[in-house]
Amino acid sequence: MTWGRDTRFDDARSCVRRFVDAAGSLIDTAPAYGRGEAERMLGRMLRTDVRREDLVIATKAGFVFREGARVVDTSRAALLDDLRGSLDRLDTDYVDLWQVHAWGHAPLEETLAALDFAVSSGMARYVGVSNFVGWQTATAATWQRAVPGRAPVISNQVEYSLLARRAEVEVLPALSHFDMGFFPWSPLGRGVLTGKYRTGVPRGSRGATPHFHWYVEPYLEPRSRAVVEAVAKAADGLGMTPLQVAYLWVRDAPGVTAPLLGVRSAAHLEPYLEAEDMTLPQEIARALDDVSGGPNEARDL
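Residues numbered from 1 in each chain as written. Predicted model: local features only at pLDDT ≥ 70, side-chain atom pairs only at ≥ 80, totals over all residues. Heavy atoms only, no water.

A. The arrangement of the packing of aromatic side chains in detail. Taken as a whole, this structure holds 5 aromatic pairs when the rule is applied. Judged by centre distance (5.1 Å) and plane angle (80 degrees), the ring pair of Tyr247 and Tyr272 falls under edge-to-face. Separated by 25 residues along the polypeptide, Tyr247 in helix H9 (residues 242–251) and Tyr272 in helix H10 (residues 266–274) bring together distant segments of the chain. Overall, the relative accessible area of 7% leaves Tyr272 in the buried class. Linked through ring pairs, Trp103, Phe132 and Trp135 together constitute an aromatic cluster. Over the ring of Phe9 we find Arg44; its NZ or CZ atom is 3.8 Å from the centre of that ring. One residue, Arg76, lies across the ring of Phe117, its end atom 5.1 Å from the ring centre. (Phe/Tyr/Trp six-rings, centres within 6.5 Å; stacked < 30°, edge-to-face > 60°. Helix = DSSP H or I, 4+ residues; strand = E, 2+ residues; numbered from the N terminus. Buried < 20%, exposed > 50% of the residue type's maximum accessible area, 1.4 Å probe, protein only. Lys NZ or Arg CZ within 6 Å of the ring centre and 35° of its normal.)

B. Local environment of the pairing of strand S4 (residues 69–72). Direction of pairing for strand S3 (residues 63–66) relative to S4: antiparallel, over a ladder of 4 bridges. The partner of Phe65 across the bridge, within S4, is Arg70. The loop that links S3 with its antiparallel partner S4 comprises 2 residues; one of these, Glu67, has a positive phi angle of about 55 degrees. (Pairing = 2+ DSSP bridges.)

C. Structural context of the pattern of salt bridges. According to the stated counting rule, one finds 19 salt bridges in the structure shown. Residue Glu159 is joined to Arg190 by a salt bridge in which the shortest nitrogen-to-oxygen separation is 2.8 Å. With Glu159 in the loop between strand S7 (153–157) and helix H6 (171–177) and Arg190 in the loop between strand S8 (181–182) and helix H7 (213–216), this residue pair connects regions lying 31 residues apart in the sequence. Look at Glu159 and you get buried, because its relative accessible area is 9%. Taking relative accessible area as the criterion, Arg190 reaches 17% and is therefore assigned buried. Asp289 is the partner of Arg299 in a salt bridge, and the nearest nitrogen-oxygen pair spans 2.6 Å. Of this pair, Arg299 sits in the segment after helix H11 (282–292) while Asp289 is found in helix H11, placing the two residues 10 residues apart along the sequence. The structure contains a network of salt bridges with shared partners spanning Asp10, Arg13, Arg17 and Asp49. (Salt bridge = Lys/Arg side-chain N within 4 Å of Asp/Glu carboxyl O.)

D. Structural detail: the side chain of Asp289. For Asp289, a relative accessible area of 2% gives the class buried. Here the side chain of Asp289 touches Arg299 through a polar contact of 2.6 Å, side chain to side chain. Beyond its immediate sequence surroundings of up to four residues, Asp289 is in contact with Arg165, Trp249, Gly294, Pro295, Asn296 and Arg299. (Polar contact = N/O pair within 3.5 Å; in protein donor to acceptor, adjacent residues only side chain to side chain. Contact = heavy atoms within 4.5 Å.)

E. Expanded view of the packing of helix H1 (residues 9–21) against helix H2 (residues 37–48). Viewed as axis vectors pointing N to C, H1 and H2 meet at an angle of 60 degrees, and their least axial separation amounts to 10 Å. As the angle between them shows, H1 and H2 are arranged oblique. The two elements H1 and H2 cross, and the hand of that crossing is right-handed. The segment H1 lies against H2, with Phe9, Ala12, Arg13 and Val16 engaging Met41, Arg44 and Met45. Of the residues assigned to the contact of H1 with H2, the class counts are 5 nonpolar, no polar and 2 charged. (Axes fitted to C-alpha atoms, helices over the stretch in contact; angles between N-to-C directions. Parallel < 35°, antiparallel > 145°, perpendicular 65-115°, else oblique. Left-handed = near helix turned anticlockwise from the far one by under 90°. Nonpolar A, V, L, I, M, F, W, Y, C, P; charged D, E, K, R; others polar.)

F. Highlighting the sheet that holds S7. Sheet architecture is open: 6 strands sit in the order S1-S2-S5-S6-S7-S8, paired in parallel fashion. Sheet topology places strand S1 (26–28) and S8 at the edges, where each strand pairs with a single neighbour.

Worth remembering: the numbers are spatial, not functional.
Written out as structure tokens, the structure reads:
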């Protein structure tokens, strides 16, 4: 959850309540989201609205703010400082999954030693990585398997959607080889695959805000528009929304463990819950493969 700037506490709380009521459990956050405010919101909910044992809490470490700028610091000291801060903000003794937020400049063995300490000390149950490309994922996984007793790297999360399929080239094969989980972030192409930007940038959208315009803009070019139109056409034929078509394509793609959804209210969550029992026909999934970059060879394995 990236709450903290654009999401009020009451909206975030209603979202979590609805999610848990629907048997959802995994919530992924990070100290960098809202400079810790997302974790503070969740920690407040753990005291008043939801039981700790009902959630699988994942957070990250490695992005720090220095002199007003966000920088990557994956040194042992920085990572463990981040983790202790997360536990304090979340008001919990442990997180279920602790992840290195990005590949950094610190020696990898130092970074991974911090993961070992987090597990051995009980501050984290499992550890993973985030935004690691294929060779980085394989290197980290191999290092941790080289010596008995090290904490295995169990997952990676990178961007993956019909507008961002690079993970299929190296990341997903690496995860499959090491039997690791995959959590795609931004499965709706940074919101573009909902169709909301088909005729322009609407007021109130992330693409209309000064702090998120840069994030959405790369997917407003002609190639992306062709994919968005294909998703909209599939949605019309299937009686779904474009959001649901784009979400189901990611959810059911080979190698995916669970997509990470950036919902900001219970109303935003509802279409995903409605899609829980839906599936895309294979011919539609393959057609979307073709229009968005070509066949996904893993579908035939």
